[in-house]
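Chain by chain, the residues:
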Amino acid sequence: MADSIMSRAATMEIPINSNGDSRTIPEDDGLEQDLQQVMVSGPNLNETSIVSGGYGGTAEGIIPTSSIKGPAIRFNADFPPRRIPAPGQDLRMKARGVNIVPSHSAASRIASQSAIISGPNMHQAGTAEEATRGVAVEKLDFMRKWGLNTYKCTKQMISERFGRGSRTVDLELEAQIEVLRDTKRKYENVLRLARALTNHFYSMVQTQHALGDTFADLSQKSPELRDEFGYNAETQKLLCKNGETLLGAINFFVSSINTLVNKTMEDTLLTIKKYEDARLEYDAYRADLEELNLGPRDAVTMARIEAAQQQYQVQKDKYERLRNDVTIKLKFLEENKVKVMHKQLLLFHNAISAYFAGNQQQLEQTLKQFNIKLKPPGADKPSWLEEQ
């Protein structure tokens, strides 16, 4: 009974796919092509046998395949013939048998897109290259002009040093410039001495303050000399207070002199330095023009003379403009110097006289007259919050 059932099961047609699964799935083109090739040139299926049953089945389950009704593999006549992939084709496309025919329209579209994309990039690269070239040309032109100007000015300066070249001289202006330089040297000496006086007087005031504190402490600890120590302590404290007031006046005097010397005068001397450089350039181009005028008058020389004349005119205008600036600044500097020094010298005299005369009221009145405000003691020291 069991043998007959197994025989009938073995003779049943079982469609088997590539995975050994009896479920129906879409047929793969590559697999179907391979199966067709096997059917044409493969081994004879009649020479094989199919084993039905599981592991350990009997020999009776082996039956010849010739007894199976109908082929297990069906031929698809509608499937197109196998195509050979073109050389250089992708291996995955080759395995699937897909052939891509080149299209002239697609190639033209790709070429046009690449041209559109590369067009702006090439334009930008060309613009950047032109800008870089322009900057390089400007730098070279600047270096050439600077070198030529430096050579001419050096030549003129050496000629003046050895007495072989002529120089433009404004006698009145040169005398004013020399007076200013001499005045600046003298005022710098006044400033140095005033700062030294401030330092020494500050040390004396600090000593008086310490001495007054010592006298006050001794008056508390020496009953027999309490009055004597007390008088001296009060005197030193009064001198210390007047000294701090005088220090305020001297510091204001030093600050004003420093501004006059190191800012106002220095600014004028800087303009004078520019004026002297312009004078040297003017004389250099003037000498160059005079040398060209002494030479032959051919076409090339005339072109050089015309260019030298233009440069000479530019330097002449620059020289005259700076000379006028120096003249104006010297005039205003002299007026400002007289005004500032008149006020500061009056302040210094009244403050020193009132201090050494012991006139405290006159000393305080002097500070009020010049709008000098004293800083309270300990104002320069940081607070305990800032120290934390």
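Structural notes, computed from the coordinates. (Residues numbered from 1 in each chain as written. Predicted model: local features only at pLDDT ≥ 70, side-chain atom pairs only at ≥ 80, totals over all residues. Heavy atoms only, no water.)

### Structural notes on the packing of helix 7 (residues 299-356) against helix 8 (residues 360-369)
Okay, step 1: Put simply, helix 7 and helix 8 touch, their axes get as near as 8 Å, and they point 160° apart. Classified by the interaxial angle, the pair formed by helix 7 and helix 8 is roughly antiparallel. Handedness of the helix 7/helix 8 crossing: left-handed. Residues Leu347, Asn350, Ala351, Ala354 and Tyr355 of helix 7 form the contact with helix 8, whose own contacting residues are Gln362, Leu363, Thr366 and Gln369. (Axes fitted to C-alpha atoms, helices over the stretch in contact; angles between N-to-C directions. Helix = DSSP H or I, 4+ residues; strand = E, 2+ residues; numbered from the N terminus. Parallel < 35°, antiparallel > 145°, perpendicular 65-115°, else oblique. Left-handed = near helix turned anticlockwise from the far one by under 90°. Contact = heavy atoms within 4.5 Å.)

### Digging into unusual backbone geometry
Okay, step 1: In this model, asparagine 371 sits at a positive phi of 55°, which is unusual for a non-glycine residue.
Okay, step 2: Inspection of the secondary structure puts asparagine 371 in the loop between helix 8 and helix 9 (384-387).
Okay, step 3: Judged by its relative accessible area of 68%, asparagine 371 is exposed. (Buried < 20%, exposed > 50% of the residue type's maximum accessible area, 1.4 Å probe, protein only.)

### Considering the packing of aromatic side chains
Okay, step 1: Enumeration over the complete set of coordinates arrives at 7 aromatic pairs.
Okay, step 2: With a centroid separation of 4.9 Å and 35° between ring planes, the pair formed by phenylalanine 253 and phenylalanine 348 is classed as tilted. Taken together, the residues span a long stretch of sequence, with phenylalanine 253 in helix 6 (residues 226-293) and phenylalanine 348 in helix 7 at a distance of 95 residues.
Okay, step 3: For phenylalanine 348, a relative accessible area of 26% puts it in the partly exposed group.
Okay, step 4: Judged by centre distance (4.9 Å) and plane angle (85°), the ring pair of tyrosine 355 and phenylalanine 356 falls under edge-to-face.
Okay, step 5: Members of the aromatic cluster, joined through ring pairs, are Tyr275, Tyr282, Tyr312 and Tyr319. (Phe/Tyr/Trp six-rings, centres within 6.5 Å; stacked < 30°, edge-to-face > 60°.)

### Points about the nonpolar core
Okay, step 1: Core analysis: the biggest nonpolar cluster contains 43 residues, and Ile177, Leu180, Ile272, Tyr275, Val326 and Leu330 have the highest contact counts within it.
Okay, step 2: Not counting residues within four places of it along the chain, the set of residues in contact with leucine 180 comprises Met265, Thr268, Leu269, Ile272, Leu330 and Leu333. (Core = buried A, V, L, I, M, F, W, Y, C linked by side-chain atoms within 4.5 Å.)

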